Amino acid sequence: MMRHFLAALACLMLLATPLRAQDSFGPVQTLLQQHRDAIVKSSRKTIEPAIAALAGSGLASVAQVLEKWQDKALWVREADGLFVYAAPQGDALALTDIDSGEALGSVPKADATQIKPNSGIRSLIAAALVQFQLSDPDPARRLAALDAIARDPSATQLAPLRAAIADETDPAVKAQKERLERLLTLRFDPDEAARIAAIASFRGDLGQDVRAALNPLVATTRRTAAGGVPEGENVARLLTPGGADLPLSEAQALLVAAGALQPVLTIAERRTALVANVDGGSVGGFAVADLDTETARVLAYEALEASGKVPPAASDAEVTAALAAHVFYDAYAEPSALVATEAAAVLRSAETRIAINQAIDLTLDALSLASIYFLAAIGLAITFGVMRVINMAHGEFIMMGAYTGYVVQQVIANYTVSILVALPVAFAVTFLAGVVMERLVIRRLYHRPLETLLATFGISIALQQLAKNIFGTQARPLTSPAWLDGALTFNDVVSISYIRIAIFVLALVFLAVFLFIMKRTRLGLEVRAVQQNRAMAASMGINPDRINMLTFGLGSGIAGIAGVAIGLFAKVTSELGSDYIVQSFMTVVVGGVGNIWGTLLGATMIGFLQKGIEWLNPSNTLAAQTYMIIFIIIFIQFRPRGIIALKGRAAGD
Amino acid sequence: MSTLLEVQGVSVTFDGFRAINNLSFAIGPAEMRAIIGPNGAGKTTFMDIVTGKTRPDSGNVLWGERSVSLLRLSESQIAQAGIGRKFQRPTVFEDQLVSENLMMALRRPRNPLAVLFFRPARADHARVAELAAEIGLADLLGRKAGELSHGQKQWLEIGMLLAQEPRLLLVDEPAAGMTLAEREHTTRLLVEAAKTRAVVVVEHDMDFVRRLDCRVTVLHEGAVLAEGSLDFVTQNPQVIEVYLGR
Amino acid sequence: MIAFNPRNTSLLIFLGLLVIFTVAVTLMSEAYGPGLVSTSFVKTLGKTLCLCLVALAMDVVWGYTGILSLGHFAFFGLGGYMIGMWLMYARTEDIVIASFANSPLPPTPEEIVTGIATQIFGVVGASELPPIWVFAHSFWAQMALVVLVPGVLALVFGWLAFRSRVTGVYLSILTQAMTLALALWLFQNDSGLRGNNGLSGLQNLPGADAIPQSLISIWFFWASAAALAAGYLLFHWVVSGKFGSVLRGIRDDEARVRFLGYPVEGFKLFVFTLTAVVAGLAGALYYPQAGIINPAEVAPIASVYLAVWVAIGGRGRLYGAVIGAAFVSLVSSWFTGGRAPDVNLGFATIQWVDWWLIVLGLSFVAVTILAPKGIGGLFDAFQGLRTPDRKGAPLGPDEGALQEKEAVK
């Protein structure tokens, strides 16, 4: 029986092909020869059985054949009709046997024919290839194949993907495969119930891939119809022309596109049409000189329309009538109403969860912004709160710290070491600058806050220009070490960069250090004493001048460290400080002067406020800052002394 | 006798500290009253409440024949209603002439537009000169207030108070840092003023209070401890205890 | 009484000098004289007079009332924006109508408006006139806005700030915040005022193409001089009488003024608003001479410079503000205009364009510490006036109070 079959097969082959040595064919060559006509013909319509036969053969080298075929490296040798791999070798082709992989020598190009699969066939081949890649021994390649499918999903991948799940050994890859299978199912499975089940399985999932897969299912197109919504339309919602979702112009355009309305002319179009029909000083019987209002032009156009010189256009009355006679609606592109509804429901539930997660993300953002403001403001809180000295050059101390960090990085190449060096160096530099400024300027202006404000402004102007002269106007980079790159990601929505975490930690450290110094050290005790009653402190043997100098130096030094931190994520320019100064002052004022917790609360409030406003109006950060400042001005109406206010006689009222 | 000012059960707390504790007080339209009390008794806070600088947590302050509540009025409205205040430290406008200080205090319309278009008439100059004579500064009208001596500034401030023509004068330690002669002059000024209006003097100095010869209210820990003639209250054992700290 | 006031003599001297100066510049200009003073310098002088006017306003609000406002240059800029809207609209309207002259159809009003909008707002990618331009076609409406916009803004802001008793440095920071908010708002493209680009071409008066700039510049110079004279008279009147007494009282001891029965908030609000209006008018005269206004002009630092001028000139006296503004702004433009010679130190060359701001900043610090009376103090020294000896104590308890060494006598 078997022998008969083989003999018959051999006869068939003989008839079909002019080959001489088919006995020596390898199994793949045999298969190829069986589908020789289809392969050589390269038609999208007839090729499928050939590819299916290859893919289904279970032969080891099939994947290679398909790849070569796809890459147009599969040729037919003219001499004997044998399928070979060929690679160009100068003018000639180097041939390789398909089954054995032996070199078959080289032939001139004319002696072989290239099989050129068109793009349709190539995508069929690619789809067939997926199953081989999905079962590749190397897990990395399997994952790559999954990625490739996820990037460009299609219905053909569904079957091979399902086939590849059972044999998967790696649990992580298997989970991914199953997830991708459901993603493909919900889009491409012909069975509605299967799709709905797949959609439902994603309820509560926040992955962007899920949303990307579901969104096309709920995509709508805008349509119009006369009278009422036609049968069989999968309507998402009805629209009112002129409402928020459907501007009149769009409704008109829909009507025009549906052929229900003549085109509505714009002012420019009407003008062009009229100009084209100017005839000896008049248009359609109207004198050109009279056409200086739109009403006159409409009349002239209607006259032209009546005489057939211009295409008809809709009048206002026609537009109104057509609008009244039509309904407008959004229709799902997805034909199955059940699927669309379920997808919409899942998306809605996802949206709620996303909103919650976005709120968490926003909170993280706001916290990190708050910690930046806190860092920038804590030095001010010391100088302003403890000494009642306004230092408008505080922003420039921040800038000085950032530039110190930059200079240190020029000397020390290792980013980790350089940052660790930069922090104390920046503190030292700005501490010194603060002490010098206190000795030369501030000391002479105690109890004259407005003059201090202006004098420190003078210093701020000078320092800013000095930085510009030294470092130029372009931004200088302050690079963070590699271990601060990247972000801590919780899910597709919630993530926070390590650098912001580091700044948050730094802010907490500073809070702790500040509290320690003020509450637990002799210096802190003396500072508080001088703050509360300078004369009394002096008579107790405290040198208020020295304390003030140290306090001011401390505030300035902290500004320098804040500068390094801010420089890590913002550009270091001479304007760096002035970008933060107003917000820093707002932080101190809103929080309540003379209280570190107030500063913390102020920074938190301003950080959250700014992020909140940006979230409401994401396109426009400038406007967000404007609104924030206005809010603060109004806030100060209700709490002129800040969130935490000193009351009674201590307020010095 | 009708009352001009009545303070009813007023309390005020600063950060947990009760500065004024259920204080009640009343004074008639032409009466001199001295308020004495140790440091921290709430004397200055009492004045702050009456003049509108501090809002009490509870209680009421009623003013005049129609018993208007002062709690709803601002400092300037209270001042316009007829309550003048002299601070502990002399507060005159040191950068301005003595005449300018007095002119500013004259009882004339106080709203910005009226002030902007105000140009002093002969009568105004005459009144300023009269007041200056009364407080003994007639020769110093063209001098800056900052150049005056401490006592002269006190008188200038009293002169400014009189120029306001208030119905109630609140005077905080008018005799502090004065020589004996200056004190006598000050006493005369106050006694003269009390003939036509109510005067409340807050003072530490018992001699000075004795010179005023009027009813005395003793404050302690934000409440009235005793009230009566000076001799009467100095006999009060509680007052003696508070003052001598027994 | 007033006749004996030395401030009255200063008024007459000031007005006399201003007239002499105006006549001298006119006779030396290109339009009416041999051209010793170039047209561009006439413009610079005209602008300087406007800066003197806004400095006067600043002096009244800061030097007399003790409110260190860091917002008055914003009011100045707002005035400039308001008049700039009319200038730009009317000028563009002329251009658009002219461009329709050769078209086959006469333009409709809608087409003209669209044309103007495209011309003005093409640069920020818009082609519709924003709603705030609704009055831009009318000179008188925009002139009213020159007064109303800064006035109302100052009124609202001042009412909020003064009502809650925000004083001293808090108030300064708050005004600075207001200025920053305004500048940031103007910086965005959809503010309706061309964002970053600002308004430009303001030197071209609509319908005055035939008149040479030399003539226009001298007219603006006259207008600026007249405005300065009027402003000086107005403020002199405001600060000389009892009103001035109250203002200085508020500066030195606000609480005392309140206990005298004066509604301090009302006075502050009146002064704040009045000076804001004058600042707006000064800006409306300044920017047609400058030709361009953009949000950077409104930035908080500009208001700080304004305070710097007044401080260097000597606050608390009107002529001090004028001297300070004229002196600093002219010297600034000389140094930053690249006309000052470089200084060769051997190892380095000092280019004033780069170093002027440092010199200005530090000299400002020096003036604040060493010569609080500013340049005006020289006049006192000349007149042999001495200040009352207060043994170093300030003249009042408030943060804006005059210090002993600043008192004019």
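Note that the structure is a prediction, hence the values are computed from the model and not measured.

Reading the values: rules and limits
- Residues numbered from 1 in each chain as written.
- Chains lettered and ligands numbered in written order.
- Predicted model: local features only at pLDDT ≥ 70, side-chain atom pairs only at ≥ 80, totals over all residues.
- Heavy atoms only, no water.
- Helix = DSSP H or I, 4+ residues; strand = E, 2+ residues; numbered from the N terminus.
- Rg over C-alpha atoms; globule rule 2.2 N^0.38 Å.
- Buried < 20%, exposed > 50% of the residue type's maximum accessible area, 1.4 Å probe, protein only.
- Contact = heavy atoms within 4.5 Å.
- Areas by Shrake-Rupley, 256 points an atom, 1.4 Å probe, with all protein chains shown as cover.
- Lys, Arg positive; Asp, Glu negative; His and termini not counted.
- Charge placed at Lys NZ, Arg CZ, Asp CG, Glu CD.
- Pairing = 2+ DSSP bridges.
- Axes fitted to C-alpha atoms, helices over the stretch in contact; angles between N-to-C directions.
- pLDDT = per-residue confidence, 0-100.
- Polar contact = N/O pair within 3.5 Å; in protein donor to acceptor, adjacent residues only side chain to side chain.
- Buried area = accessible area lost by both parts, 1.4 Å probe.
- Salt bridge = Lys/Arg side-chain N within 4 Å of Asp/Glu carboxyl O.
- Right-handed = clockwise from strand over helix to strand, strands pointing away.
- Phe/Tyr/Trp six-rings, centres within 6.5 Å; stacked < 30°, edge-to-face > 60°.
- Lys NZ or Arg CZ within 6 Å of the ring centre and 35° of its normal.
- Expected span 1.5 Å × (residues − 1).
- Arc of directions from axis to C-beta.

1. Thoughts on the overall build of chain A
Move 1: Helices and strands together make up the secondary structure of chain A, namely 26 helices and 12 strands.
Move 2: Expected size for 653 residues packed as a compact globule is a radius of gyration near 26 Å; at 39 Å, chain A overshoots this value by more than 25%.
Move 3: Dimensions along the principal axes, computed over C-alpha positions, put chain A at roughly 125 × 85 × 55 Å.
Move 4: Within the span of chain A, comprising 653 residues, buried residues form 46% of the whole.
Move 5: Taking contacts inside chain A between residues at least 6 apart in sequence as the whole, the part at least 24 apart equals 68%.
Move 6: For chain A, the computed accessible surface area is about 30800 Å², with 60% contributed by carbon and sulfur atoms.
Move 7: Computed over 53 positive and 56 negative side-chain charges, the separation of the two mean positions in chain A equals 12 Å.

2. Re the sheet that holds strand S3 (residues 32–36) of chain B
The pairing of strands in a sheet comes from backbone hydrogen bonds and takes either a parallel or an antiparallel form.
All names here are of chain B.
Move 1: One open sheet accounts for six strands, arranged S6-S7-S8-S3-S9-S10; its pairing is mixed. Every other strand in the sheet has two partners, leaving strand S6 (83–86) and strand S10 (223–228) as the edge strands with one partner each. The mean inter-strand angle of the sheet, taken between neighbouring strand axes irrespective of direction, is 20°.
Move 2: Lying over the sheet, helix H1 (residues 43–50) contacts S3, S6, strand S7 (168–172), strand S8 (198–202) and strand S9 (215–220), oriented at roughly 150° with respect to S7.

3. Some remarks on the confidence of the model for chain B
All names here are of chain B.
Move 1: Counting all residues, the mean pLDDT for chain B is 85, and 98% of those residues have values of 70 or more.
Move 2: Predicted confidence in chain B is weakest over helix H10 (residues 237–244), with a mean pLDDT of 79, and strongest over helix H3 (residues 98–105), with 91.
Move 3: This complex was scored by the predictor with a pTM of 0.81 and an ipTM of 0.87.

4. So, the side chain of Thr-22 of chain C
All names here are of chain C.
Move 1: Locating Thr-22 in the fold gives a position in helix H1 (residues 6–28).
Move 2: A relative accessible area of 12% places Thr-22 in the buried class.
Move 3: For Thr-22, the side chain forms a polar contact with the main-chain oxygen of Leu-18, separated by 2.6 Å.
Move 4: In contact with Thr-22, other than residues within four places in its own chain, are Phe-221, Trp-222 and Ala-225.

5. Concerning unusual backbone geometry
Residue and element names in this part refer to chain B.
Move 1: Backbone geometry places Glu-173, a non-glycine residue, at a positive phi of 45°.
Move 2: Assignment of secondary structure puts Glu-173 in the loop between S7 and helix H7 (180–194).
Move 3: Among the residues examined, Glu-173 registers a relative accessible area of 10% and is labelled buried.
Move 4: One non-glycine residue, Asp-213, lies in positive phi territory at about 55°.
Move 5: For Asp-213, the position within the fold is in the loop between helix H8 (206–212) and S9.

6. Some details on the side chain of Thr-48 of chain C
Residues and elements named next belong to chain C.
Move 1: Checked against the element boundaries, Thr-48 lands in helix H2 (residues 39–64).
Move 2: Overall, Thr-48 belongs to the buried group, its relative accessible area being 7%.
Move 3: The contact partners of Thr-48, leaving out residues within four places of it in the chain, are Ala-326, Ser-329 and Leu-330.

7. Some thoughts on the environment of Phe-552 of chain A
Move 1: On the secondary structure map, Phe-552 of chain A appears in helix H23 (residues 544–569).
Move 2: Along the primary structure Phe-552 of chain A and Val-435 of chain A are separated by 117 residues, whereas in three dimensions their C-alpha atoms are 6.5 Å apart.

8. Considering the environment of Arg-443 of chain A
Residues and elements named next belong to chain A.
Move 1: By secondary structure assignment, the location of Arg-443 is in the loop between helix H18 (415–440) and helix H19 (449–471).
Move 2: Sequence-wise, Arg-443 and Leu-254 are 189 residues apart; in three dimensions their C-alpha atoms are separated by 74 Å.
Move 3: Among all residues touching Arg-443, those that are not within four sequence positions of it are Glu-438, Asp-545 and Met-549.
Move 4: Reaching out from Arg-443, the side chain makes a polar contact with the backbone oxygen of Asp-545 at a distance of 3.1 Å.

9. A word on the interface of chain C and chain B
Move 1: With 34 residues of chain C at the interface, the matching set in chain B holds 37 residues.
Move 2: Both faces combined, the contact of chain C with chain B buries some 3300 Å², and carbon together with sulfur accounts for 62% of it.
Move 3: In terms of surface lost to chain B, no three residues of chain C exceed Lys-242, Arg-256 and Phe-259 of chain C, which account for 26% of the buried area on that side.
Move 4: The tally of links between chain C and chain B comes to four salt bridges.

10. Some details on the pairing of S7 of chain B
Taken residue by residue, a regular strand's side chains alternate between the two faces of the sheet.
Residue and element names in this part refer to chain B.
Move 1: The buried fraction of S7 is high, at five of five residues.
Move 2: Here S6 runs beside S7; their pairing, made up of four bridges, is parallel. For Arg-85, the partnering residue across the bridge sits in S7 and is Leu-170.
Move 3: Bridge analysis of S7 against S8 gives five bridges, and the strand direction is parallel. Note on S8: the bridge partner recorded for Asp-172 is Val-202.
Move 4: Each parallel crossover has a hand, and the one from S7 via H7 to S8 is right-handed.

11. A short note on the packing of aromatic side chains
Move 1: This structure, assessed with the given rule, holds 29 aromatic pairs over all chains.
Move 2: Look at Phe-121 of chain C and Trp-133 of chain C: their rings are 5.3 Å apart centre to centre, the planes differ by 80°, and that puts the pair in the edge-to-face class. Placement of the pair is Phe-121 of chain C in helix H4 (residues 109–121) and Trp-133 of chain C in the loop between H4 and helix H5 (139–163), with a sequence separation of 12 residues.
Move 3: Given the relative accessible area of 2%, Phe-121 of chain C is considered buried.
Move 4: Feature note: the residues Phe-73, Phe-76, Tyr-286, Tyr-287 and Trp-309 of chain C constitute an aromatic cluster, connected by ring pairs.
Move 5: Over the aromatic face of Phe-202 of chain A sits the side chain of Arg-182 of chain A, whose NZ or CZ is 4.4 Å from the ring centroid.
Move 6: Sitting above the plane of the Phe-569 of chain A ring, Arg-500 of chain A keeps its charged end 5.6 Å from the centroid.

12. Examining the pattern of salt bridges
Move 1: A complete count under the given rule lists 42 salt bridges over all chains for this structure.
Move 2: Of the charged contacts in the structure, one is a salt bridge between Arg-179 of chain A and Asp-209 of chain A, with a shortest N-O distance of 3.0 Å. Remark: Asp-209 of chain A occurs in helix H11 (residues 208–218) and Arg-179 of chain A occurs in helix H9 (residues 171–188); sequence separation between them is 30 residues.
Move 3: The exposure class assigned to Asp-209 of chain A is partly exposed, which follows from its relative accessible area of 32%.
Move 4: Close ionic contact of Arg-248 of chain C with Glu-100 of chain B constitutes a salt bridge, the shortest N to O distance being 3.5 Å. With one member in each of two chains, Arg-248 of chain C in helix H8 (residues 242–252) and Glu-100 of chain B in helix H3 form a pair that bridges those chains.
Move 5: With a relative accessible area of 3%, Arg-248 of chain C lands in the buried category.

13. Section: the sheet that holds strand S2 (residues 83–89) of chain A
Residues and elements named next belong to chain A.
Move 1: Within the open sheet, the five strands sit side by side as S4-S3-S2-S1-S5. Their pairing is antiparallel. Only two strands of the sheet have a single neighbouring strand rather than two, namely strand S4 (103–108) and strand S5 (112–114). Mean inter-strand twist for the sheet, computed between neighbouring axes without regard to direction, equals 40°.
Move 2: Of the pairings in the sheet, the one linking strand S1 (residues 74–77) to S2 comprises three bridges and is antiparallel in character. Of the residues in S2, the one forming a bridge with Trp-75 is Val-84.

14. So, helix H11 (residues 300–313) of chain C
Residue and element names in this part refer to chain C.
Move 1: For H11, spanning 14 residues, the distance from its first C-alpha to its last is 20 Å, which sits close to the expected 20 Å at 1.5 Å a residue.
Move 2: Within H11, 13 of the 14 residues are buried, which leaves the element mostly enclosed by the surrounding structure.
Move 3: Of the residues one or two after H11, Gly-314 is the one with positive phi, at around 115°.

15. Focus: the interface of chain C and chain A
Move 1: Between chain C and chain A, the residue contacts involve 58 residues of the former and 49 residues of the latter.
Move 2: Summed over both partners, the interface of chain C with chain A comes to about 4800 Å²; 74% of that surface belongs to carbon and sulfur atoms.
Move 3: Contact with chain A buries surface across chain C, with Leu-105, Tyr-170 and Ile-173 of chain C losing the most and accounting together for 15% of the total.
Move 4: Where chain C touches chain A, the interface holds three salt bridges.
Move 5: Measuring nitrogen to oxygen at the nearest pair gives 2.8 Å for the salt bridge that ties Glu-111 of chain C to Arg-297 of chain A.
Move 6: Looking at the side of chain C that touches chain A, the elements that each hand over two or more residues are H4, H5, helix H6 (168–187), H11 and helix H13 (352–370) of chain C.
Move 7: The leading source of residues in the side of chain C that touches chain A is H6 of chain C, at 14 residues.

16. Observations regarding helix H5 (residues 122–134) of chain B
Residues and elements named next belong to chain B.
Move 1: Relative to the 18 Å expected for 13 residues at 1.5 Å per residue, H5 spans 18 Å between its end C-alpha atoms, a close match to the ideal helical length.
Move 2: Residues of H5 that are buried include every one of Asp-124, Val-128, Leu-131 and Ala-132, and no others. End-on, the buried residues of H5 take up no more than an arc of 100°, which puts them together on one face. The outward face of H5, more than 90 degrees from its buried face, is lined by the exposed residues Arg-122, Ala-123 and Ala-133.
Move 3: Against the buried residues of H5 lie H3 and helix H6 (150–163).
Move 4: Just beyond H5, the residue with positive phi is Gly-136, at close to 75°.

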